[in-house]
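Descriptive structure summary
The chain contents come next:
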Amino acid sequence: MMMTEQGMMLTERARRLRQNPVLRKMVRETRMDKSSLIYPLFIREGTAVREEIASMEGQYRYSIDQSFSKIEKLLNAGISSVMLFGIPGQKDEFGSGAYAEDGIIQRAVREIKQRFPALYLITDVCLCEYTSHGHCGLLKDGDVDNDSTVALLAKTALSHVQAGADMVAPSDMMDGRIRAIRQELDQSGFETVPVMSYAVKYASSFYAPFRDAAGSAPSFGDRKSYQMDFHNRREAQKEALTDVREGADIIMVKPAMTYLDIVREVSDAVNVPVAAYSVSGEYAMVKAGAKCGCVDEKKMISEMAVSVYRAGASVYITYFAPEIAALMDGGVIG
Ligand code: PBG
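These remarks concern the structure in this document. (Residues numbered from 1 in each chain as written. Predicted model: local features only at pLDDT ≥ 70, side-chain atom pairs only at ≥ 80, totals over all residues. Heavy atoms only, no water.)

Take the overall build of the chain next. Per the secondary structure count, the chain includes eleven helices and twelve strands. Overall size of the chain, expressed as C-alpha extent along the three principal axes, is 80 × 45 × 40 Å. The buried share of the chain, reckoned over its 334 residues, is 52%. Relative to all contacts within the chain whose residues are 6 or more apart in sequence, the contacts with residues 24 or more apart total 72%. Split by element, the accessible area of the chain, about 15,500 Å² in all, is 50% carbon and sulfur. (Helix = DSSP H or I, 4+ residues; strand = E, 2+ residues; numbered from the N terminus. Buried < 20%, exposed > 50% of the residue type's maximum accessible area, 1.4 Å probe, protein only. Contact = heavy atoms within 4.5 Å. Areas by Shrake-Rupley, 256 points an atom, 1.4 Å probe, with all protein chains shown as cover.)

Structure follows, in structure tokens:
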């Protein structure tokens with residue numbers, strides 16, 4: 001070991017591997033790929049409607065016919081999976097639009113599949129966008145009733161798959177819904193359709209822009225009796241393991257950025273792929289930060305994306321999917 005002029009005797013020089021871009025990339029620990037990106041898409045009633053979401057600059061609600069050109073752009077950007085959220089024309093106490101044969105999602109799935117058979121279509125399964133009170137299930141004595149809601153969720157999931165959905169993603173946080181959905185699909189001959197469970201979904205203020213987008217804010221109370229308390233860590237494992245036992249094929253953690261510790265622990269605990277959902281509030285925060293000139297938008301998007309994969313996720317659901325794909329193409333991340 002040589003002593004330097006300054007008298008330093010270093011055995012470890014971490015900077016050796018950071019000297020040039022080829023080397024840095026050679027020893028990179030996290031590798032990402034566009035095929036792991038899922039873009040959330042809001043579909044609403046009507047025709048020729050493309051409506052910007054006030055709290056999510058650059059994101060829109062599309063009528064079915066308007067979604068086609070967006071999907072074409074996504075496919076051209078290398079994004080081959082989307083997750084659909086429905087905004088019905090009418091809502092009622094029972095969320096019946098969620099499982100209606102001619103509901104907004106059922107129609108959207110049929111039409112989109114017909115035009116874009118190669119697109120991988122995932123549907124969000126929940127009642128909150130369809131109930132007049134905005135809660136994720138049926139109300140009983142002022143709270144969401146678990147078991148009667150689960151039956152409707154299973155019905156909703158089946159109707160999406162019958163319409164042609166490739167995968168269903170229940171986001172309601174009721175107990176036992178993965179088992180019920182799995183059984184319902186299996187009984188109808190859809191045993192090969194995967195279920196991605198929003199298994200670890202925290203009661204988060206970061207969903208606010210989404211609720212604005214989908215008009216799904218609860219009209220009273222909050223979702224704390226079904227979504228998770230963000231002080232909890234071990235409970236995330238419990239939720240994830242329960243859903244794997246019930247038949248979930250992919251486990252999701254949501255939100256992403258403020259729950260990377262959970263992404264890591266859950267991905268260590270389960271033997272199925274883990275997805276992280278960078279939610280509407282994360283998107284809005286980046287947009288606001290970039291707008292005020294405090295931070296560079298592309299750099300922020302890059303770090304946020306890499307962080308979820310580094311934490312152990314192998315699937316990333318994000319409104320920035322097209323931007324991330326472009327950053328990957330440009331060799332900025334990947
Ligand atoms: C429906 C659902 C929500 C989100 C995804 N599915 C909202 C909620 O639980 O209130 C949030 C997505 C986002 O904020 O981007 N239950």
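Between its terminal C-alpha atoms helix H2 (residues 64-76) stretches 19 Å, which fits the 18 Å expected from 13 residues at 1.5 Å a residue. Residues of H2 that are buried include every one of Ile 64, Ser 67, Phe 68, Lys 70, Ile 71 and Leu 74, and no others. Following H2 by one or two positions, Gly 78 has its phi on the positive side, about 95 degrees. (Expected span 1.5 Å × (residues − 1).)

Counting residues in each nonpolar core, the largest one holds 112 residues, and the members touching the most others are Met 83, Leu 84, Met 196, Val 200 and Val 266. For this core, the element with the highest residue contribution is helix H4 (residues 146-163), accounting for eight residues. Look past the residues within four positions of Val 266 in its chain and what remains in contact with it is Val 200, Ala 236, Ala 240, Ile 251, Val 253 and Val 274. (Core = buried A, V, L, I, M, F, W, Y, C linked by side-chain atoms within 4.5 Å.)

All right, on to the environment of Met 196 then. Take Met 196: it is sitting in strand S9 (residues 196-201). Taking the C-alpha atoms as reference points, Met 196 and Ala 288, 92 residues apart in sequence, are found 31 Å from one another. Ignoring anything within four residues of it in the chain, the contact list for Met 196 reads Ile 38, Met 83, Ile 122, Met 167, Val 168, Ala 169, Pro 170, Ile 250, Met 252, Ala 275 and Ile 317.

Looking now at the layout of surface pockets. Any empty space left between the atoms is revealed when a probe the size of a water molecule rolls over them. Quantified by volume, the largest pocket comes out at close to 350 Å³. Lining the largest pocket we find 16 residues, and of these Arg 28, Thr 30, Val 306, Ser 307 and Arg 310 sit closest to its centre. Among the elements that line the lining of the largest pocket, the one with the most residues is helix H10 (residues 297-310), at six residues. Here the residues of the lining of the largest pocket sort into eight nonpolar, four polar and four charged. (1 Å grid on protein atoms, 1.4 Å probe; cavity = no way out; pocket = protein on both sides within 12 Å on 5 of 7 lines; lining within 4 Å. Points joined across faces, edges and corners; volume = space filled by probe spheres on them. Nonpolar A, V, L, I, M, F, W, Y, C, P; charged D, E, K, R; others polar.)

With that settled, consider the environment of Gly 289. Tracing the chain through its elements places Gly 289 in helix H9 (residues 280-291). For the pair Gly 289 and Asp 145, spaced 144 residues apart in sequence, the C-alpha separation works out to 40 Å. The residues contacting Gly 289, other than those within four sequence positions of it, are Cys 294 and Val 295.

So, on to the side chain of Ser 302. Along the chain, the position of Ser 302 falls in helix H10. Of the residues examined, Ser 302 reaches a relative accessible area of 7% and is grouped as buried. The contact partners of Ser 302, leaving out residues within four places of it in the chain, are Leu 327, Val 332 and Ile 333.

Attention now goes to empty space enclosed by the protein. According to the stated counting rule, one finds one cavity of 30 Å³ or more in the structure shown. In this structure, the largest cavity spans a volume of roughly 150 Å³. Lining the largest cavity are 20 residues, with Cys 128, Lys 201, Tyr 207, Phe 210 and Lys 254 sitting closest to its centre. When residues of the lining of the largest cavity are traced back to their parent elements, those giving at least two are S9 and helix H6 (208-214). Classifying every residue of the lining of the largest cavity by side-chain character gives ten nonpolar, four polar and six charged.

Turning our eyes to something else, we now look at the pattern of salt bridges. Inspection of every chain in the model, using the stated rule, returns 15 salt bridges. The residue Arg 177 makes a salt bridge to Asp 172 at a minimum N-O spacing of 3.2 Å. The partner of Arg 264 in a salt bridge is Asp 268, with the nearest N and O atoms 3.1 Å apart. Of this pair, Arg 264 and Asp 268 both sit in helix H8 (residues 260-269), separated by four residues, roughly a single helical turn. With relative accessibility at 33%, the residue Arg 264 sits in the partly exposed group. Via salt bridges that share partners, Arg 44, Glu 51 and Arg 61 belong to a single interconnected network. (Salt bridge = Lys/Arg side-chain N within 4 Å of Asp/Glu carboxyl O.)

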